Amino acid sequence: DFAGRTDGDEFLVLLPDTGPEGAEKAAEKICGAIASIEVPDVDRAITASLGIAGLPVHASDGDGLLRIADRALHVARSQGGNRVELAPMPGSSEGGTVVALPTLRVDAAGQD
């Protein structure tokens, strides 16, 4: 597994040996861990929005995977933030409630 900053306030978590259920659990744990952070003199909640996508279901290469995960992240933000959004299955018109896959795109800026 690997975690790192991709740009600004966004991070990438790669879980190459993790299936859909494990990716969803990892995303929920990340959200919970970030939400439990308390910073002295900061009076607002620290939250994270996560977009999840995976290879080869959502994309055929790393660049495409990042684009799909980023779209899922933006959906999570637009739906109030502090949540996990799963990329839709190709050909599906619904948002990301179909399957969790092993790449997480995280926004942990404190305001989703």
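Remember, predicted model here, so these are calculated numbers, not experimental data.

1. Considering the pairing of strand β2 (residues 10-14)
Relative to β2, strand β1 (residues 2-7) runs antiparallel, the two sharing five bridges. Note on β2: the bridge partner recorded for aspartate 7 is glutamate 10. Between the end of β1 and the start of β2, which pair antiparallel, lie two residues, with glycine 8 showing a positive phi angle near 45°.

2. Considering a nonpolar patch on the surface
The grouping of Ile37, Val39 and Val42 at the surface amounts to a nonpolar patch, some 210 Å² of accessible area in total. Looking at where valine 39 falls in the secondary structure, it is placed in the loop between α1 (20-35) and β3 (49-53). Given the relative accessible area of 35%, valine 39 is considered partly exposed.

3. Describing the pattern of salt bridges
Under the defined criterion, the tally for this structure stands at two salt bridges. Note that glutamate 85 is salt-bridged to arginine 83, the shortest N-O span being 2.6 Å.

4. Things to note about the nonpolar core
In terms of nonpolar packing, the biggest core is built from eight residues, these being Ala27, Cys31, Ile34, Ile46, Ala48, Leu50, Ile52 and Leu86. The set of elements that each furnish at least two residues to this core consists of α1 and β3. At three residues, α1 tops the list of elements feeding residues into this core. Judged by nonpolar contacts, the second largest core, of seven residues, contains Ala59, Leu65, Ala69 and Ala72.

5. What to know about helix α2 (residues 62-78)
Look at α2: 24 Å from first C-alpha to last across 17 residues, which is about the 24 Å you get at 1.5 Å a residue. When α2 is considered as a whole, its buried residues turn out to be Gly64, Leu65, Ile68, Ala69, Asp70, Ala72, Leu73 and Ala76. For α2, the N-terminal capping position is held by aspartate 61, with its side-chain oxygen 3.3 Å away from the main-chain nitrogen of aspartate 63.

6. Side note on the pairing of β3
Counting buried residues in β3 gives five out of five residues, a clear majority hidden from the surface. Burial along β3 is two-sided: the face carrying Ser49, Gly51 and Ala53 and the face carrying Leu50 and Ile52 are both buried. Here three bridges tie β3 to strand β4 (residues 84-86), and the two strands are oriented parallel to one another. Looking at β4, one finds that leucine 50 is bridged to valine 84.

7. What to know about unusual backbone geometry
Between leucine 55 and the following residue, proline 56, the backbone shows a cis peptide bond with an omega angle of -5°. Mapping proline 56 onto the fold places it in the loop between β3 and α2. Despite not being glycine, aspartate 41 has its phi angle at roughly 70°, a positive value. If you trace the backbone, aspartate 41 turns up in the loop between α1 and β3. Phi angles above zero are rare outside glycine, and asparagine 82 is one such case at about 50°. Topologically, asparagine 82 is positioned in the loop between α2 and β4.

Conventions and cut-offs
Residues numbered from 1 in each chain as written. Predicted model: local features only at pLDDT ≥ 70, side-chain atom pairs only at ≥ 80, totals over all residues. Heavy atoms only, no water. Pairing = 2+ DSSP bridges. Helix = DSSP H or I, 4+ residues; strand = E, 2+ residues; numbered from the N terminus. Patch = residues over 30% accessible without salt bridge, like charges linked within 9 Å, V, L, I, M, F, W, Y side chains within 5 Å. Areas by Shrake-Rupley, 256 points an atom, 1.4 Å probe, with all protein chains shown as cover. Salt bridge = Lys/Arg side-chain N within 4 Å of Asp/Glu carboxyl O. Buried < 20%, exposed > 50% of the residue type's maximum accessible area, 1.4 Å probe, protein only. Core = buried A, V, L, I, M, F, W, Y, C linked by side-chain atoms within 4.5 Å. Expected span 1.5 Å × (residues − 1). Polar contact = N/O pair within 3.5 Å; in protein donor to acceptor, adjacent residues only side chain to side chain.

Worth remembering: the numbers are spatial, not functional.
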